[in-house]
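Chain residues, written in single-letter form:
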Amino acid sequence: MRRILREPLLHFVILGTILFAVHAGVTRSGSAPVHDIIVSRSRITHLASMFSRSWRREPYPDELNELVNDYVHEEVLYREAKAMGLDNDDPVIRRRLRQKLEFLAENVATQRAPTDDELNRLLQSEPERFRTDGRYSFSHVFLDPGRHRDDLADQQSTLRKALKEPDEGLDPSQFGDRFLLGQSFADVPANELSRLFGEDFPGQLAQIPLGSWEGPIQSSYGLHFIRLTGRDQARLPSLNEAREKLLREWNERERIKANAEAFARLRSRYRIVIEQASEPSRRQ
């Protein structure tokens, strides 16, 4: 046994085995490459700024260290999750990445402000879209057909005669039936009157003269004798009057256009293959 242990060949084999094991261990320990995570000054400034926005004060040194450590923690997990492919086929992540790419395209679109000529062309090309709504001011006397089933015609005749009498101090609340929305309306847009009284009501107001009691005209509630005191007909506004609305519309159209153009460029890089779904087998 001692003679075997003294054999040089055995010593060589043992030494080679040890060297191989050490080399394998070193190789395994160094197989995972080390990547840098650099927390730049601008990143630290950004973290501090976000803290200040939330807490209305600058972070203390230990709080800033915690912010940096939390950022490093998040960055490590983010990189490892991406390396493992955990972002693949996740509908939430896909939707968020799509939104971010669309936001980038939209930012490019909104960097340029439109000229007055561009806004004016938009205004003239679609006048109905930007036309101001007509506005009306009036007093009224209401007749509820439900309360006058047997004498509605007589009530109309009596009211028409009473309201035709020239009396500047006439109080309309002394006539007719109670109306929950009030007796007088000032500078009300036509679309609001349509909502309150029915779609045809503003059109009827547009047909009667100013200053005198007219009617009755029909609403969704019943009959109304109207004294129109103000009428501002619908019209195409000036550029300055419509500027705010025009800017919103122009920006929205530019946003849609930028997204469509950006997508067209990106899509051109791909060959799209859409496989046809197999038809379900029919039972005999």
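So, here is what we can say about the structure in this document. (Residues numbered from 1 in each chain as written. Predicted model: local features only at pLDDT ≥ 70, side-chain atom pairs only at ≥ 80, totals over all residues. Heavy atoms only, no water.)

Bringing the pairing of strand S1 (residues 135-143) into the picture now. Of all nine residues that make up S1, eight are buried, and the element is covered over most of its length. Bridge analysis of S1 against strand S2 (residues 184-189) gives four bridges, and the strand direction is antiparallel. Paired with Tyr136 across the two strands is Val188, which belongs to S2. Relative to strand S4 (residues 223-232), S1 is paired through nine bridges, and the arrangement is antiparallel. The residue bridging Phe138 from the neighbouring strand is Leu228, located in S4. (Buried < 20%, exposed > 50% of the residue type's maximum accessible area, 1.4 Å probe, protein only. Helix = DSSP H or I, 4+ residues; strand = E, 2+ residues; numbered from the N terminus. Pairing = 2+ DSSP bridges.)

Inspection of the secondary structure assignment puts Gln183 in the loop between helix H8 (152-164) and S2. Filtering out sequence-adjacent residues up to four positions away, Gln183 remains in contact with Phe138, Ser139, His140, Val141, Pro172 and Ser173. (Contact = heavy atoms within 4.5 Å.)

Considered as a void within the structure, the largest pocket measures approximately 540 Å³ in volume. What lines the largest pocket is a set of 17 residues, among which Arg98, Leu101, Glu102, Phe263 and Leu266 lie closest to the centre. When contributions to the lining of the largest pocket are tallied by element, the ones reaching two or more residues are helix H5 (91-109) and helix H11 (239-267). A per-element tally of the lining of the largest pocket places H5 first, with eight residues. For the lining of the largest pocket, a count of residues per class yields nine nonpolar, one polar and seven charged. (1 Å grid on protein atoms, 1.4 Å probe; cavity = no way out; pocket = protein on both sides within 12 Å on 5 of 7 lines; lining within 4 Å. Points joined across faces, edges and corners; volume = space filled by probe spheres on them. Nonpolar A, V, L, I, M, F, W, Y, C, P; charged D, E, K, R; others polar.)

Spatially, the four strands line up as an open sheet ordered S2-S1-S4-S3, and their pairing is antiparallel. Among the strands making up the open sheet, the edge pair consists of S2 and strand S3 (213-218). The mean inter-strand angle of the sheet, taken between neighbouring strand axes irrespective of direction, is 40 degrees. Contacts between helix H9 (residues 190-197) and the sheet are confined to S1, S2 and S4, with S2 contributing the most and set at about 125 degrees to the helix. (Axes fitted to C-alpha atoms, helices over the stretch in contact; angles between N-to-C directions.)

What follows covers the pairing of S4. Here S3 pairs with S4 via four bridges, running antiparallel. Looking at S4, one finds that Trp213 is bridged to Arg227. Hairpin connection from S3 to S4: four residues lie between these consecutive antiparallel strands.

Following the criterion strictly, the structure yields 13 salt bridges and no others. For Arg98, the salt bridge goes to Glu102, with nearest N and O atoms at 3.1 Å. In this pair, Arg98 and Glu102 both sit in helix H5, four residues apart, roughly one turn of the helix. Glu244 is paired through a salt bridge with Arg248; the nearest N and O atoms lie 3.4 Å apart. Of the two residues, Glu244 and Arg248 both sit in helix H11, four residues apart, roughly one turn of that helix. Relative accessible area serves as the criterion here: at 59%, Glu244 is assigned to the exposed category. (Salt bridge = Lys/Arg side-chain N within 4 Å of Asp/Glu carboxyl O.)

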